[in-house]
Amino acid sequence: MSQKSKGIVFILMSAFFFALMNLFVKLSGDLPSMQKSFFRNLVALIFALIILLRSEEKFTFQKKNLPLLFARSIFGTIGILCNYYAVTHLLLPDASMLGKLSPFFAILASYLYLKEKVSPMQAFSVVIAFIGALFIIKPGFTAFTQVFPCLIGALGGLGAGTAYTLVRKLSLNGERGPFIVFFFSTFSCLVCLPYLLFFYAPMTPYQLAMLLCAGLAASGGQFSVTAAYANAPARELSIYDYSQVIFAAVMELMFFHQLPDIWSIVGYCIICGISIFMFFYNRKQPA
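Everything numeric here is computed off the predicted structure, so don't read it as measured data.

1. Focus: the side chain of Thr88
Mapped onto the fold, Thr88 is located in helix α3 (residues 66-89). A distance of 2.8 Å separates a polar side-chain atom of Thr88 from the backbone oxygen of Tyr84. The residues contacting Thr88, other than those within four sequence positions of it, are Gly29, Asp30 and Lys36.

2. Comments concerning the packing of helix α2 (residues 33-53) against α3
Packing of α2 against α3 brings their axes to within 9 Å, and their N-to-C directions diverge by 115°. Where α2 crosses over α3, the handedness of that crossing is right-handed. Contact residues: Ser33, Met34, Lys36, Ser37, Arg40 and Asn41 in α2; Ile80, Leu81, Tyr84, Tyr85 and Thr88 in α3. When its residues are assigned to classes, the contact of α2 with α3 shows five nonpolar, four polar and two charged.

3. Topic: the confidence of the model for the chain
Overall, the prediction assigns the chain a mean pLDDT of 83, with 91% of residues at 70 or greater. Of all secondary-structure elements in the chain, the lowest mean pLDDT belongs to helix α10 (residues 234-237), at 62, while α3 reaches the highest, 90.

4. Thoughts on a nonpolar patch on the surface
A surface patch of nonpolar side chains, amounting to about 520 Å² of accessible area, comprises Phe61, Leu66, Phe70, Ile74, Ile78, Leu155 and Leu158. Counting residues per element, the ones that place at least two in the nonpolar patch are α3 and α7 (144-172). A total of four residues in the nonpolar patch trace back to one element, the largest contributor, which is α3. What makes Phe61 partly exposed here is its relative accessible area of 33%.

5. Focus: helix α11 (residues 243-256)
Compared with an ideal rise of 1.5 Å per residue, which puts 14 residues at 20 Å, α11 spans 19 Å between its outermost C-alpha atoms and is within 8% of the ideal. His257 sits one or two positions beyond α11 and adopts a positive phi of about 55°.

Reading guide: rules and limits
- Residues numbered from 1 in each chain as written.
- Predicted model: local features only at pLDDT ≥ 70, side-chain atom pairs only at ≥ 80, totals over all residues.
- Heavy atoms only, no water.
- Helix = DSSP H or I, 4+ residues; strand = E, 2+ residues; numbered from the N terminus.
- Polar contact = N/O pair within 3.5 Å; in protein donor to acceptor, adjacent residues only side chain to side chain.
- Contact = heavy atoms within 4.5 Å.
- Axes fitted to C-alpha atoms, helices over the stretch in contact; angles between N-to-C directions.
- Left-handed = near helix turned anticlockwise from the far one by under 90°.
- Nonpolar A, V, L, I, M, F, W, Y, C, P; charged D, E, K, R; others polar.
- pLDDT = per-residue confidence, 0-100.
- Patch = residues over 30% accessible without salt bridge, like charges linked within 9 Å, V, L, I, M, F, W, Y side chains within 5 Å.
- Areas by Shrake-Rupley, 256 points an atom, 1.4 Å probe, with all protein chains shown as cover.
- Salt bridge = Lys/Arg side-chain N within 4 Å of Asp/Glu carboxyl O.
- Buried < 20%, exposed > 50% of the residue type's maximum accessible area, 1.4 Å probe, protein only.
- Expected span 1.5 Å × (residues − 1).

Shown next, in the form of structure tokens:
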């Protein structure tokens, strides 16, 4: 199997694992997003800790990267909390697609934080993606109780897109991937811990099991996406990541017997369509 084929297999695996993570989060019931995030990141923290303890460098990092590590952790935590709130209150494919706005937010974040040039075609793709998001959010056509979770889901995409941009900057600065994951997971757990101490919502063994499974699925997604981009460049793989929406729709139908409405499907088609267009457009550009 070629490296590109391996990359595609791994990116499809990561999409499945992240869809599975959202399913477990939704199956855990109406628990606070802070509580869900804590247990999800606790599992990732344990995995990252084991990897670092087995490495030669252990917990060493470059001090110049500390501000970026904190910024990545803040935006990443916002992304997770918003995503979990959206998953709890929306259909899985809706929440997944709003989260998939992150690559377009990453374009804006790259311009603001990395001072990278944004081409007219990239700016065009951002505008079209937001139009697609409006079909999912449906402002003015649905009750605010439905619009609000959609806006939170879009905010989660903003947090994730900014976090991904900062991860790229950290990688360019020579920071190790396992330490970035460890720092972020530790930060996120510490942010959520005070909430748990004062506002802990009692959980059944089933709910705890679902959150731990969400953490395991998230770890599988992280390892898979890391392996994917180790085998092939992002420009060759990004489009396959949208398979998460398909996995999410199948899981929503199987476990909750619901399907997205026609306006959401139009929004999916717009966002996936502009993503496919940009995928082939980027492939024609110089590496």
